[in-house]
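Reading the structure
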Amino acid sequence: MKPQNETLPCPWAPAHDPLYRGYHDEEWGVPVRDARALWEKFQLDAFQAGLAWITVLRKREAMRAEFEGFEPSRLADWDEARIAKALTNPGVIRSPAKIRALVSNARLFEDMEARGESFADYVW
């Protein structure tokens with residue numbers, strides 16, 4: 001019998017998987033108001049399309065490293081050569097369309113910021 005104060009994981013977040021469980025317990029369903037952090041979450045969701053969420057979780061740290069910490073100001077400057085370099089990294093989700101969308105989205109984020117608009121306010 002489990003102690004009463006131990007929460008049961010959702011069926012999609014098995015308790016035996018520490019990566020899933022950590023995400024479930026510390027991130028999932030937690031409101032995010034920081035524009036840059038919220039933007040990163042949206043980009044990771046885009047990379048997840050057609051894949052299992054665990055794939056994103058397993059690759060997230062490598063993606064943060066390759067994608068310059070998901071800093072829109074840095075990603076907005078990427079060109080085709082930089083995209084091609086990222087596509088050689090086996091630690092990331094190597095979809096040319098998704099990486100190009102990431103760069104395009106970074107440019108849009110930067111445009112919003114330059115106009116004084118908040119991505120977080122837009123989303124919320």
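Keep in mind that this is a model prediction, so the values were computed, not measured. (Residues numbered from 1 in each chain as written. Predicted model: local features only at pLDDT ≥ 70, side-chain atom pairs only at ≥ 80, totals over all residues. Heavy atoms only, no water.)

Some remarks on the overall build of the protein chain
When its secondary structure is counted, the protein chain shows seven helices and zero strands. Secondary structure elements of the protein chain, listed N to C terminal, follow the sequence α-α-α-α-α-α-α. Seen through its principal axes, the protein chain has C-alpha atoms that stretch 55 × 35 × 20 Å. Evaluated residue by residue, the protein chain yields a buried proportion of 35% over its 124 residues. In the structure as shown, the protein chain presents an accessible area of about 7600 Å², 55% of it carried by carbon and sulfur atoms. With 17 positive and 20 negative side-chain charges, the protein chain shows a spacing of 6 Å between the two charge centroids. (Helix = DSSP H or I, 4+ residues; strand = E, 2+ residues; numbered from the N terminus. Buried < 20%, exposed > 50% of the residue type's maximum accessible area, 1.4 Å probe, protein only. Areas by Shrake-Rupley, 256 points an atom, 1.4 Å probe, with all protein chains shown as cover. Lys, Arg positive; Asp, Glu negative; His and termini not counted. Charge placed at Lys NZ, Arg CZ, Asp CG, Glu CD.)

Re the pattern of salt bridges
All chains considered together, the criterion is met by twelve salt bridges. A salt bridge links Glu71 to Arg36; its shortest N-O distance comes to 3.6 Å. Of this pair, Glu71 sits in the loop between helix 3 (53–66) and helix 4 (72–75) while Arg36 sits in helix 2 (residues 35–48), and the two are 35 residues apart along the sequence. Glu71 sits in the partly exposed class, given a relative accessible area of 31%. Here Glu61 and Arg64 are joined by a salt bridge, their closest N and O atoms 2.6 Å apart. Of this pair, Glu61 and Arg64 are both found in helix 3, three residues apart, which corresponds to roughly one turn of the helix. One network of salt bridges, with partners in common, ties together Arg36, Glu40, Glu61, Arg64 and Glu71. (Salt bridge = Lys/Arg side-chain N within 4 Å of Asp/Glu carboxyl O.)

Comments concerning unusual backbone geometry
The phi dihedral of Glu68 falls on the positive side, at around 50°, and the residue is not glycine. Locating Glu68 in the fold gives a position in the loop between helix 3 and helix 4. Although it is not a glycine, Phe70 sits at a positive phi angle of roughly 55°. Along the chain, Phe70 falls in the loop between helix 3 and helix 4.

Topic: helix 2
Between its first and last C-alpha, helix 2 extends 20 Å over 14 residues, near the 20 Å set by a 1.5 Å rise per residue. Those residues of helix 2 not exposed but buried are Ala35, Leu38, Trp39, Glu40, Gln43, Leu44 and Phe47. Of the surrounding elements, those touching the buried residues of helix 2 are helix 3, helix 4, helix 6 (96–114) and helix 7 (119–123). Directly after helix 2, the chain includes Gly50, whose backbone phi takes a positive value near 85°. (Expected span 1.5 Å × (residues − 1). Contact = heavy atoms within 4.5 Å.)

Considerations on helix 1 (residues 18–26)
Those residues of helix 1 lying buried are Tyr20, Arg21, Tyr23 and His24. Down the axis, helix 1 shows its buried residues gathered within 160° of arc, on one side only. In this structure, helix 1 carries Pro18 and Glu26 as exposed residues pointing more than 90 degrees from its buried face. Contacts from the buried residues of helix 1 go to helix 3. Of the residues that open helix 1, the one with a side-chain oxygen 3.0 Å from the backbone nitrogen of Leu19 is Asp17. (Arc of directions from axis to C-beta. Polar contact = N/O pair within 3.5 Å; in protein donor to acceptor, adjacent residues only side chain to side chain.)

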